[in-house]
Amino acid sequence: MTTMPRRLLIEQGGPGHRGPALPRCDVPTRPVTEHLRGARLRAELRLPEVSEPEVVRHFVELSTLNHHIDRGLYPLGSCTMKHNPKINDEIAGLAGFALAHPLGDDAANQGALRVIRELEKALAAISGFAAVSTQPAAGAQGEMTGLLMIRAHHRARGEGETRRRVIVPDSAHGTNPASVHLVGYETVVIPSEAHATVDLDALRGALDERAAAVMLTVPNTLGLFEPRIREITALAHAAGAQVYMDGANMNALVGLVRPGDLGFDVMHINLHKTFSTPHGGGGPGAGPVAVAAHLEPYLPAPRVVERDGRYALDEDRPRSIGRVHSFHGNFGILLRALVYVSTLGPEGLRAVSRTAILNANYLMRRLAGRYDLPHPEHCMHEFVLSGRGLKRHGVKTLDVAKRLLDFGVHAPTVYFPLIVDEALMIEPTETETLDRLDHFAAAMERIADEAAANPQTLLDAPHTTPVGRLDEARAARELKLHWASSGAARPAAAPASARG
Ligand SMILES: *Cc1c(COP(=O)(O)O)cnc(C)c1O
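What counts and what doesn't
- Residues numbered from 1 in each chain as written.
- Predicted model: local features only at pLDDT ≥ 70, side-chain atom pairs only at ≥ 80, totals over all residues.
- Heavy atoms only, no water.
- Pairing = 2+ DSSP bridges.
- Helix = DSSP H or I, 4+ residues; strand = E, 2+ residues; numbered from the N terminus.
- Axes fitted to C-alpha atoms, helices over the stretch in contact; angles between N-to-C directions.
- Phe/Tyr/Trp six-rings, centres within 6.5 Å; stacked < 30°, edge-to-face > 60°.
- Buried < 20%, exposed > 50% of the residue type's maximum accessible area, 1.4 Å probe, protein only.
- Salt bridge = Lys/Arg side-chain N within 4 Å of Asp/Glu carboxyl O.
- Core = buried A, V, L, I, M, F, W, Y, C linked by side-chain atoms within 4.5 Å.
- Domains from an automatic or database assignment.
- Near = heavy atom within 4 Å.
- Polar contact = N/O pair within 3.5 Å; in protein donor to acceptor, adjacent residues only side chain to side chain.
- Areas by Shrake-Rupley, 256 points an atom, 1.4 Å probe, with all protein chains shown as cover.
- Nonpolar A, V, L, I, M, F, W, Y, C, P; charged D, E, K, R; others polar.
- Contact = heavy atoms within 4.5 Å.
- Expected span 1.5 Å × (residues − 1).
- Bend = angle between axes of the 7 residues up to and from the residue.
- pLDDT = per-residue confidence, 0-100.

Let's talk about the sheet that holds strand E5 (residues 242-247)
1) Next: The sheet built from seven strands is open, its strands ordered E1-E7-E6-E5-E4-E2-E3 with mixed pairing. The open sheet terminates on both sides in strands that have one partner only, identified here as strand E1 (131-133) and strand E3 (186-190). Strand-to-strand twist across the sheet, computed as the mean angle between neighbouring axes with direction ignored, equals 25°.
2) Next: Bridge count for E5 against strand E6 (residues 266-269) is four bridges, and the pairing is parallel. Bridge pairing links Met245 to Met267 in E6.

As for the packing of aromatic side chains
1) Next: On inspection of all chains with the given rule, the structure shows two aromatic pairs.
2) Next: Both rings, one in Phe97 and one in Phe331, keep their centres 6.2 Å apart while their planes meet at 45°; by these two values the pair is tilted. Residue Phe97 is located in helix H3 (residues 95-98), and its partner Phe331 is located in helix H10 (residues 331-367); the two are separated by 234 residues in the primary sequence.
3) Next: Judged by relative accessible area, Phe97 falls into the partly exposed class, the value being 22%.
4) Next: On the accessibility criterion, Phe331 (18% relative accessible area) is buried.

Side note on the pattern of salt bridges
Close approach of charged atoms allows side chains with opposite charge to pair.
1) Next: Considering all chains together, one arrives at 28 salt bridges under this definition.
2) Next: For the salt bridge of Asp449 with Arg370, the shortest nitrogen-to-oxygen distance reads 2.4 Å. Here Arg370 lies in the loop between H10 and strand E10 (383-386) and Asp449 lies in helix H12 (residues 434-453), a separation of 79 residues in the sequence.
3) Next: The class of Asp449 is partly exposed, set by a relative accessible area of 42%.
4) Next: Arg403 serves as the salt-bridge partner of Glu450, at 2.9 Å between the closest nitrogen and oxygen.

Concerning the nonpolar core
1) Next: Of all hydrophobic cores here, the largest spans 60 residues; its most connected members are Ile167, Leu203, Leu207, Leu253, Phe264, Leu271 and Phe275.
2) Next: Secondary structure elements with two or more residues in this core: helix H4 (110-127), E3, helix H7 (200-206), strand E4 (211-217), helix H8 (229-238), E5, E6 and H10.
3) Next: At twelve residues, H10 tops the list of elements feeding residues into this core.
4) Next: Each of domain 1 (87-344) and domain 2 (349-477) gives at least three residues to this core.

A few points about the environment of Ala108
1) Next: Checked against the element boundaries, Ala108 lands in the loop between H3 and H4.
2) Next: Between the C-alpha atom of Ala108 and that of Val414, which follows or precedes it by 306 residues, the distance is 48 Å.

So, the site of the ligand
1) Next: Around the ligand sit 14 residues, and of these Ser78, Gly139, Asp246, His272 and Lys273 come closest.
2) Next: Asp246 places a side-chain nitrogen or oxygen 2.6 Å from a nitrogen atom of the ligand.
3) Next: Between the ligand and Lys273, the relevant distance is 2.8 Å, taken from an oxygen atom to a side-chain nitrogen or oxygen of the residue.
4) Next: Coverage of the ligand by the protein chains reaches 87% of its 380 Å² of free accessible surface.
5) Next: Those elements giving two or more residues to the shell around the ligand turn out to be helix H5 (139-156) and helix H9 (271-274).
6) Next: Here the shell around the ligand is composed, by residue class, of three nonpolar, eight polar and three charged.

A short note on the pairing of E10
1) Next: Judged by which residues are buried, E10 turns out to be covered on both faces: Phe383 and Leu385 on one side and Val384 and Ser386 on the other are all buried.
2) Next: Direction of pairing for E10 relative to strand E12 (residues 423-426): antiparallel, over a ladder of four bridges. Each bridged residue has a counterpart across the sheet, and for Phe383 the counterpart in E12 is Ile426.

So, the sheet that holds E10
1) Next: Here three strands make up an open sheet; going across it, the order is E10-E12-E11 and the pairing antiparallel. Taken across any chain shown, the strands that pair with only one partner, and hence form the sheet edges, are E10 and strand E11 (413-414).
2) Next: Where E11 and E12 come together, two bridges link them in antiparallel fashion. Within E12, the residue paired with Thr413 across the bridge is Met425.
3) Next: Along the sheet, H10 makes contact with E10 and E12, crossing E10 at roughly 20°.

Some points on unusual backbone geometry
1) Next: The step from Val218 to Pro219 runs through a cis peptide bond, and the omega angle for that step is -15°.
2) Next: Within the secondary structure, Pro219 is located in the loop between E4 and H8.
3) Next: The omega angle of the peptide bond from Ala461 to Pro462 is 0°, so this bond is cis rather than trans.
4) Next: With respect to the helices and strands, the residue Pro462 is situated in the loop between helix H13 (455-459) and helix H14 (474-477).
5) Next: With a phi close to 45°, Thr80 is a non-glycine residue in the positive phi region.
6) Next: In this model, Ser276 sits at a positive phi of 65°, which is unusual for a non-glycine residue.
7) Next: Position of Ser276 among the secondary structure elements: in the loop between H9 and strand E7 (289-291).

A few points about H10
Each full turn of the α-helix corresponds to 3.6 residues, which orients residues three or four apart in the same direction.
1) Next: Over its 37 residues, H10 runs only 40 Å from end to end, short of the ideal 54 Å by more than 12%, given 1.5 Å per residue.
2) Next: By the largest-angle criterion, Gly345 marks the main kink of H10, which is about 100°, and a proline, Pro346, follows within four residues.

Comments concerning the pairing of E5
1) Next: Within E5, six of the six residues are buried, which leaves it mostly tucked inside the rest of the structure.
2) Next: Covered by surrounding structure in E5 are Gln242, Tyr244 and Asp246 together with Val243, Met245 and Gly247, the residues of both alternating faces.
3) Next: Looking at chain direction, E4 and E5 are connected through five bridges and run parallel. Bridging across to E5, Ala213 finds its partner in Gln242.

Some words on the confidence of the model for the protein chain
Low-pLDDT portions of the prediction should not be read for the details of their coordinates.
1) Next: When pLDDT is averaged across the protein chain, the result is 92; 94% of the residues are at 70 or more.
2) Next: Of the regions scoring below 50 in pLDDT, residues 488-500 engages in 19 contacts with residues more than four places distant in sequence or in other chains.

So, the environment of Ala152
1) Next: By the secondary structure assignment, Ala152 is in helix H5.
2) Next: In this structure, the C-alpha to C-alpha distance between Ala152 and Pro191, residues 39 residues apart in sequence, is 28 Å.
3) Next: Discounting residues that sit within four places of it in the chain, Ala152 has contacts with Tyr298 and Ile321.

Written out as structure tokens, the structure is:
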């Protein structure tokens, strides 16, 4: 609990509060305006004047208001919220990397170019594909990049006008149809079978001369492995379509299976999920794409090439779809992923997947008695429960999610995938100890008991967080786009023109 009222930084401190104590200036001082001829500085611009302890406390306190992976379990299905090893950040903070300039010439950027090239090679080895581009900044952008390459492939074969449909199973992540739309294609949704695998008859029916691609999420969005992938990729290829793998959830596959061996043509990998680079709160991320040899010429340009131990940028890529990101993508994230891959090595990465699968199956079996488990097959890195059994107590999945916060656990993904009623999609990841998994399971069990004995506890939850249940629509109904001083902090109010 805070004892001081919570305030913005600009409402704290006061005139003369400073962070650094600088030595006395030993050169003559001159006003800034001498250097900025003709520029008009905003004399009324009000900046916070705060001391270092005020800034440190401000941000440390803010960091405790929200749930995040450094505070506790974050079993958000499909998101792979795993621990981010601190050595990743330490190396990304080294001056040679952190201060590298993207406009520096190749000679100056040898180290950074090598990082990109080494990561591409590692991801190609892990995925079993011929080549990788690290430009896309997110999984969704990787999907778009992959589909643009598929479009270029069909155009080069003179089928650009006829093949404009992409077949997507109904369990897919929402970004799949969105990416299809972005490249000007049309989505054809096919249903899943009762046990959540692809309905092959529906697939056959949709595969005709208008099909540009099939998009498949592996493992599927219920955390289950599709057993007939080779059959699906063969069917698609026989019909002239390409096969895209949504590899955002590679945490169950790394070191165990290479998608390139299963007949896929292109995939994206979410570094900010499987490869431990931080995410949540909106990024930054990286969604590299990996392609089979026939799509390599279409990869985003420029490419990092290696000649005689030197690295250079190759802009001469006439068939490339072009740039999808400025410079080289989110370099700091690429670097962290390379550190992660290098510190674990092949055996370590295999252990990651195995442990992630084990943890998910452990929780699934333990919770199956208390919650509905619509798909009880062995799961991969995640599983989906249904809260439909709680409805008879007047309690919903949303209430379970809110109550979990009182136990120091972030909610699982709720109401997704859409094909499960009252879905709770749980992904513990490999970085949680048995202790933590048991704590989560005990919390879930207690919540199930509470639903029957005292449902109001759940309906009013969370009880221990800085804010309780939010009115989720109010921020949209009562838009506040300007900051207005609370007036509490500073003796002298700023002029009105400086506000907001
Ligand atoms: C997370 C995810 C995406 C999208 O990735 P972003 O980086 O959020 O754009 C796509 N597909 C699946 C299956 C995902 O889990």
